[in-house]
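In case you want the letters, here they are:
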Amino acid sequence: MAALLVLACGPQGPEKAPEKEPEVPVDETVAVTSVSLSQTSISLEEGQTQSLTATVFPPNATDPTVTWKSSDEAVARVEGGVVTGVKKGSARITASAGAKSAVCKVTVTEKIYHVTSVTIEPASASLTQEEQVVLTASVLPENAINRNISWAIEGDASVASIAADGFSATLTALQPGKVSVVATSEDGAVQGSCEVTVLKKVIHVESVSIEPATLALTEEETATLTATVLPLDADDRSISWTVADPSVASVSGEGLSVTLTALMGGQTTVTATSTDGSISATCQVSVTALARDADFVQKVFYVWPGSSFTPEARYTDNRPATPTDWAVAEGNFLEVNNSGEVSISGFSANPGRVTAKVGEGVLSLTVWSDLALKAGSGEGQPADGGVFSLDIENSPELTLSILYRSSATEWTAIPEQALGTPASKDEGIAAVSRTGASYRIVAKGSGSTEISLPVGPATITVSINVSGSIPSDGTITYPEDKYGTL
C-alpha cells in the first residue's frame, strides 16, 4: 500500500493532453414557418391596382424572399405585391416564401365610366318672341355607365320654355329677357349650359295702300293722298313719300296724309314706302301742262375763270321752270352739269353759249369770260397777247392788273381771292410778286422771259422783254425784294 502511495504522490513525468473529440457540424438554417397576407380577398375594377403586403415568419428566417404569382394573368396580374385588375373574372394571388405560402382571392369587375363633361350646342342663342331653337347636348365619355341628362331653365321661367327629348330639347321664346338652359347628368351632376336672350317680337308692316290710286291734275292744282298701313299694331307704321319725277309733281307734309302739287305737264308715280323698305304702294299721276313759254331770267353773264353760277328759268307768268338737257353749245371754257350749274374753267375774247330745254322749247344764254391786262393806269389789252418791255435804267418796274368784262362796256378788276401766286420763268431777268389784286414786275437783267399769272383754273402768260444793263458804277438802286438791293 505504502509503495503504491509513494508512487502515486511522487514525481511523475509530463502530463499527456486529453484528446479533442471530433467537431460535429451545426445546422444554423432558420426555415420559414408561415406566410400571411395583409388581405385574403380584394375586389378591383378593370385597370385598378391594389398593394398586398406579405409577412414571413419567423422574422429571422434564413431566406424570407417572397415570390408572387397569379392563377390567371388574363384576369389579374401581380408584381412586387401590386395587383392589377385586367378584365372581369376571378383569380388567386399566391405569395410564397420557402415552403410556405398564402393566398388572396381577387375579384375583377368591369370598369365603371362616369360622365366627365356635358356641353350644349349652341352655347348661346338669341331669339325673338315665339321663335324656337333646338338645343343638342353632348355627353362624354360615350361609354359612361349613365349618360342620362335632365334639362332645366335657370332664371325667369316666363322668358322661355323647354321641351326635352333625350339629348335634344326644343326651346321656345316667350317674353323678352335672359335665361340659362342647363343640361345636368344623372351621373356625377356634371352640367352644360346655353345662354339665351329673348328679344321683343317686331310686328312688321304687311300692307300699304294709297287713296286715290290714280290722279289726273292740271299744273298748279293740288290733291290729298292718304296711305293706309296695316296691321294697326305694327311697331313702326311710318312711311316715306317719293315722287319719281319731281319736276312733274311734288309732295308736302308728313305722316300718312300728304298734299300733292302738280308742277308741269307729264306723267309720274308717287310711292309710299314703309320705313323698313319692305312694303310700298303707288299712285299714278298725270299732269296736264298749261300753255306758257319760259326763258332764263338773266340771258347774259359776265364772269371770270374759277367762278360758277346757276341760271334761273321762269315761265312768262313768273312761275319757276325746271330746265333739262343742259349743254354747252359754244365755248370750250364752259362746263355745265345736269343741275344747271355753269362752271368757268378758262377765258376767251369770244362769248360762249349754254342751252337747256323746258318742255319742247330750247332756252339759250350767253357767257362772257373775257380778260384783259392793264399796265399801271394805262389802257387794257387782251390777256392772251400780253407783251411788255422794261428798261433797267429808265423803266425797271411795271404794275399789272387783271380785268374781266363785267358788262357790255365795262371792265372790272378780278376779285383778289380768284388770283393765284405768280411765277417767273427766269427770275434772273424779271421777278414778279402780288400785292392784293395787282402784280409788280421788276427787271433783273437783260433778256426775255415769261410771267405766269393764275386766275382760278386758268393761267395768263405775259412776255417780258428787258433791255439795258446795270451801270458799273452802281448808281442805280431798286427797292429790296427777295433778291436784295441791286
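All values derive from a computational prediction rather than experimental measurement.

Student: Residues and numbers for the nonpolar core, please.
Tutor: Ranked by size, the top nonpolar core spans 26 residues in total, and within it Ile 402, Ile 441, Leu 453, Ile 460, Val 462 and Ile 464 carry the most contacts. At the level of elements, β36 (371-375), β38 (387-391), β39 (397-405), β42 (430-435), β43 (438-443), β44 (447-455) and β45 (458-467) are the ones that each hand at least two residues to this core. Each residue touching Ile 460, except ones within four places of it in the same chain, is listed here: Phe 347, Leu 371, Leu 373, Ala 383, Ile 402, Ile 451, Ser 452, Leu 453 and Val 455.

Student: Outline the environment of Gly 359, supporting the account with residue identities and numerical values.
Tutor: Inspection of the secondary structure puts Gly 359 in the loop between β34 (352-358) and β35 (361-368). Between the C-alpha atoms of Gly 359 and Gly 266, which are 93 residues apart in sequence, the distance is 9.5 Å.

Student: Tell me about the sheet that holds strand β32 (residues 334-336), residues and numbers included.
Tutor: Strand order in the open sheet formed by three strands is β28-β33-β32, with antiparallel pairing between adjacent strands. Looking at strand neighbours, the two that pair on one side only are β28 (308-309) and β32, the edges of this open sheet. Note that β32 and strand β33 (residues 342-344) share three bridges and pair antiparallel. Across the sheet, Leu 334 pairs through a bridge with Ile 344, a residue of β33.

Student: Just give me the short version of the side chain of Ser 307, but keep the residues and values in it.
Tutor: Position of Ser 307 relative to the elements: it lies in the loop between β27 (300-302) and β28. Separated by 2.6 Å, the side chain of Ser 307 and the backbone oxygen of Trp 304 make a polar contact. Here Ser 307 is in contact with Val 342, Ser 343 and Ile 344, once residues within four sequence places are set aside.

Student: Could you give an account of the packing of aromatic side chains, naming the residues involved and the relevant values?
Tutor: As enumerated under the stated definition, the model contains three aromatic pairs in all. Ring geometry for Phe 301 and Phe 309: centres 4.0 Å apart, planes at 15°, overall stacked. What makes Phe 301 buried here is its relative accessible area of 10%. In this structure, Arg 319 packs its charged tip against the face of Tyr 315, placed 4.1 Å from the ring centre. Across the ring face of Trp 368, the terminal group of Arg 405 is positioned such that the distance to the ring centre comes to 4.7 Å.

What counts, and where the lines are drawn
- Residues numbered from 1 in each chain as written.
- Predicted model: local features only at pLDDT ≥ 70, side-chain atom pairs only at ≥ 80, totals over all residues.
- Heavy atoms only, no water.
- Core = buried A, V, L, I, M, F, W, Y, C linked by side-chain atoms within 4.5 Å.
- Buried < 20%, exposed > 50% of the residue type's maximum accessible area, 1.4 Å probe, protein only.
- Helix = DSSP H or I, 4+ residues; strand = E, 2+ residues; numbered from the N terminus.
- Contact = heavy atoms within 4.5 Å.
- Pairing = 2+ DSSP bridges.
- Polar contact = N/O pair within 3.5 Å; in protein donor to acceptor, adjacent residues only side chain to side chain.
- Phe/Tyr/Trp six-rings, centres within 6.5 Å; stacked < 30°, edge-to-face > 60°.
- Lys NZ or Arg CZ within 6 Å of the ring centre and 35° of its normal.

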